[in-house]
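# Commentary on secondary and tertiary structure
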Amino acid sequence: MGNRLSKIYTRTGDDGSTGLGDGSRVAKDSLRVSAYGTVDELNSTIGMVLASAGVDEAIREALTQVQHELFDLGGELCIPGMAMIEDKDIERLEQVLDGFNDPLPPLKDFILPGGGMAASCCHLARTVCRRAEREVIALARAEDVRPQAQRYLNRLSDLLFVISRVLARASGHGEVLWQHERRRKA
């Protein structure tokens, strides 16, 4: 286990650098720091979903597990060469996703972000997840990154979309469908 922080500020980052988990220092705006920083932001937005009213126990359990895995993923990205996300984590996401998606009606239109507070927070988490995925892809072009990181985020964004649908329907607000025909009527 890493060092315990008894003092939060160190002043070592005042020069615009930060320490990675392996002890090396990089610029705070490096691709690696951007990638794991966005994974941290994603974890926070999932916390917003969990803090919302109307989140049932199955969703709460699934997203809490995701939060733990995102912390693992952040560690993997923070320590070059570290492996923490495994294929079984991605397979579990797929199983959870299928379980939430199977009872939903098939989509015929795009869904706008909305459908109540919990669903809206989940849509926000989905968009942050997509950004994290893009940043991991950019990092992988420049440095070694295990493919599980990108696959995990890709599957997670799908899961967050499906959970948004479940939450919108459960809240009574329903899904907000994109009205693509509205432009043609004018």
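Anything mentioned here points back to the structure above.
Given the structure is predicted, the values throughout are model-derived calculations rather than measurements.

## A short note on the overall build of the chain
- For the chain, the helix and strand inventory stands at five helices and four strands.
- Along the first, second and third principal axes, the C-alpha atoms of the chain reach 55 × 40 × 30 Å.
- Every one of the 186 residues in the chain was classed for burial, and the buried ones make up 39%.
- By sequence separation, contacts in the chain at least 24 residues apart represent 73% of the contacts at least 6 residues apart.
- As displayed, the chain offers around 10,900 Å² of accessible surface, 52% of which is attributable to carbon and sulfur atoms.
- Across the chain, the mean location of the 24 positive side-chain charges is 6 Å away from that of the 27 negative side-chain charges.

## Quick word on the packing of helix α3 (residues 87-101) against helix α5 (residues 147-171)
- Here α3 crosses α5 at 15°, and the two axes come no closer than 9 Å. One finds that α3 runs roughly parallel with respect to α5. Judged by the twist between their axes, the crossing of α3 over α5 is left-handed. Contact residues: α3 offers D87, D89, I90, R92, L93, E94, V96, L97, F100 and N101, while α5 offers Q148, R151, Y152, R155, L156, D158, L159, V162, I163, R165 and V166.
- Across the contact of α3 with α5, the residue classes tally to eleven nonpolar, two polar and eight charged.

## Things to note about the pattern of salt bridges
- According to the stated counting rule, one finds eleven salt bridges in the structure shown.
- For R131, the salt bridge is made with E41, and the minimal N-O distance between the two is 2.9 Å. You can see R131 sitting in helix α4 (residues 117-142) and its partner E41 sitting in helix α1 (residues 31-51), a full 90 residues away along the chain.
- E41 gets classed as partly exposed once you look at its relative accessible area, which sits at 33%.
- E69 is the salt-bridge partner of R92, the closest N and O atoms lying 2.6 Å from each other.

## Some points on the nonpolar core
- Counting 46 residues, the largest nonpolar core has L42, L70 and L156 as its most contacted members.
- When contributions to this core are tallied by element, the ones reaching two or more residues are α1, α2 (57-78), α3, α4 and α5.
- Ranked by the residues each element gives to this core, the list is headed by α5, at eleven residues.
- Residues in contact with L42, not counting those within four places in the same chain, are L70, A125, V128, C129, L153, L156 and L160.

## With respect to the environment of E133
- Within the secondary structure, E133 sits in helix α4.
- Here E133 falls in the buried class, since its relative accessible area comes to 8%.
- Note: C-alpha distance between E133 and V39 (94 residues apart in sequence) is 8.7 Å.
- Excluding its chain neighbours within four sequence positions, the residues that come into contact with E133 are Q150, L153, N154 and S157.
- Side-chain polar atoms of E133 contact the side chain of N154, separated by 3.0 Å.

## Some words on α3
- For α3, with 15 residues, the first-to-last C-alpha span of 21 Å sits near the 21 Å given by 1.5 Å per residue.
- For α3, the set of buried residues is D89, I90, L93, L97 and F100. With its buried residues spanning 95° around the axis, α3 presents them on a single face. In α3, the exposed residues that point more than 90 degrees away from the buried face are K88 and Q95.
- Against α2 and α5 lie the buried residues of α3.

## Re α1
- Compared with an ideal rise of 1.5 Å per residue, which puts 21 residues at 30 Å, α1 spans 30 Å between its outermost C-alpha atoms and is within 8% of the ideal.
- Of all the positions in α1, only R32, V33, A35, Y36, T38, V39, L42, N43, T45, I46, V49 and L50 are classed as buried.

Conventions we followed
Residues numbered from 1 in each chain as written. Predicted model: local features only at pLDDT ≥ 70, side-chain atom pairs only at ≥ 80, totals over all residues. Heavy atoms only, no water. Helix = DSSP H or I, 4+ residues; strand = E, 2+ residues; numbered from the N terminus. Buried < 20%, exposed > 50% of the residue type's maximum accessible area, 1.4 Å probe, protein only. Contact = heavy atoms within 4.5 Å. Areas by Shrake-Rupley, 256 points an atom, 1.4 Å probe, with all protein chains shown as cover. Lys, Arg positive; Asp, Glu negative; His and termini not counted. Charge placed at Lys NZ, Arg CZ, Asp CG, Glu CD. Axes fitted to C-alpha atoms, helices over the stretch in contact; angles between N-to-C directions. Parallel < 35°, antiparallel > 145°, perpendicular 65-115°, else oblique. Left-handed = near helix turned anticlockwise from the far one by under 90°. Nonpolar A, V, L, I, M, F, W, Y, C, P; charged D, E, K, R; others polar. Salt bridge = Lys/Arg side-chain N within 4 Å of Asp/Glu carboxyl O. Core = buried A, V, L, I, M, F, W, Y, C linked by side-chain atoms within 4.5 Å. Polar contact = N/O pair within 3.5 Å; in protein donor to acceptor, adjacent residues only side chain to side chain. Expected span 1.5 Å × (residues − 1). Arc of directions from axis to C-beta.

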